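# Residue-level structure breakdown
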Amino acid sequence: MSYSVLNTKKIIDVVKYRWIWLLLSAILLLPGIVAMGWSMKVYPTHTPMLVGIDFTGGTIIQYSVDKDVSTKEIEVIRTKLSQNDIENPVIQILKPAGIESDSSIKNIISIRTQFSDNGQNESIDKVSQVISQDYPEAQIVQVNSVGPVLGKQLFVNSMIAVGLALLAIVIYLTLRFHFEFAIVAFLALFHDVFFVIGVFSILGLLYGVHIDSLFVTAILTVLGFSVHDTIVVFDRIRENLKFYSKKATYDEIVNASVNQTLARSINTSLTTLITLGALYFFGGVTTKDFVLVMILGIAIGTYSSIFFASTLVALWNDIENAKKVKAAANNGI
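Here is a short report on the structure shown in this document. (Residues numbered from 1 in each chain as written. Predicted model: local features only at pLDDT ≥ 70, side-chain atom pairs only at ≥ 80, totals over all residues. Heavy atoms only, no water.)

What follows is about the pattern of salt bridges. Counting across every chain of the model gives eight salt bridges. A salt bridge links Arg18 to Asp251; its shortest N-O distance comes to 3.5 Å. Separated by 233 residues along the polypeptide, Arg18 in helix H1 (residues 18–42) and Asp251 in helix H8 (residues 250–282) bring together distant segments of the chain. When its relative accessible area of 9% is taken as the criterion, Arg18 is described as buried. Arg264 is the partner of Asp229 in a salt bridge, and the nearest nitrogen-oxygen pair spans 2.7 Å. Note that Asp229 is positioned in helix H7 (residues 213–244) and Arg264 in helix H8, a separation of 35 residues in sequence. You can call Asp229 buried: its relative accessible area is 2%. Residues joined by salt bridges that share partners form a network here, namely Asp235, Arg238, Glu239 and Lys242. (Salt bridge = Lys/Arg side-chain N within 4 Å of Asp/Glu carboxyl O. Helix = DSSP H or I, 4+ residues; strand = E, 2+ residues; numbered from the N terminus. Buried < 20%, exposed > 50% of the residue type's maximum accessible area, 1.4 Å probe, protein only.)

Have a look at this one:
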């Protein structure tokens, strides 16, 4: 007896519950959409996320302190900075990772200020004077400064890079598969990127988390990982259609293809997420946001390749069949 896709052990029926998966995607994306809309209203840059000095220009000064810093103390620092002509400072308290247990460093105060026409040194001196009042033992551990023109150009180049990556993926999938597969893959990528951006928009509003050039690097990496996972599913659907299109329905073939690649997709993602989890919890502070983007992107990319992209492919086929039936009925009239 020859092998049939109908003999594939069905772990999950993605097509039968398609509306549940689509509703779940909407639930995952909706909070981010609301947060992005609100961010564009309240941020001076009118961006959907809180952008860092890489894109706006400015100076980040980080101080190591020998005690814990409370939320109330952050507000005191912000007030004093404003009184010293440091407008709209963004203050974060970072927990240093990878230091000895007996180290005197308890927290790192990170202060982001706007780019000053009067000079970088003057801004640093003003901030240092404020910090030294309450934390006399504070030491500067890092200073980064980017001009506003360079920041704006970097932001434009980053958006161009993401756009070109998406365009290249769509062109490749159109040549490699059918056009509808390329469109569905594009929607899945948009779904994944939109989710990650939405989460960071929420984090920006709640915790002052800003994005930088590393965020764009992580997004491009997520695009590559996500589309690779989707291509594996699409390739199996195409192969099964080639041999079993007359023996099974399109929905059955999609279900079988997803279940055939399910273990591979989950195992690959889990091993990657374990590594990223170790980097997030035990790695350096400067890479935490980069790793978080990767974790979110790979998790949502695995979900979208299994439940979102495959569901849309089946839905697209149903719509096309309905159009053919309607056209045939009209021709019969």
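What follows picks up the thread again.
Looking now at the pairing of strand E2 (residues 90–94). E2 sits mainly inside the fold: four of its five residues count as buried. When E2 meets strand E3 (residues 107–114), the two strands line up antiparallel, connected through five bridges. Across the sheet, residue Ile91 finds its bridge partner in E3, namely Ile111. (Pairing = 2+ DSSP bridges.)

This part takes up H7. Counted at 1.5 Å a residue, the expected span for H7 with its 32 residues is 46 Å, and the 47 Å between its end C-alpha atoms agrees. The N-capping residue of H7, defined by a side-chain oxygen 3.1 Å from the backbone nitrogen of Leu214, is Asp212. (Expected span 1.5 Å × (residues − 1). Polar contact = N/O pair within 3.5 Å; in protein donor to acceptor, adjacent residues only side chain to side chain.)

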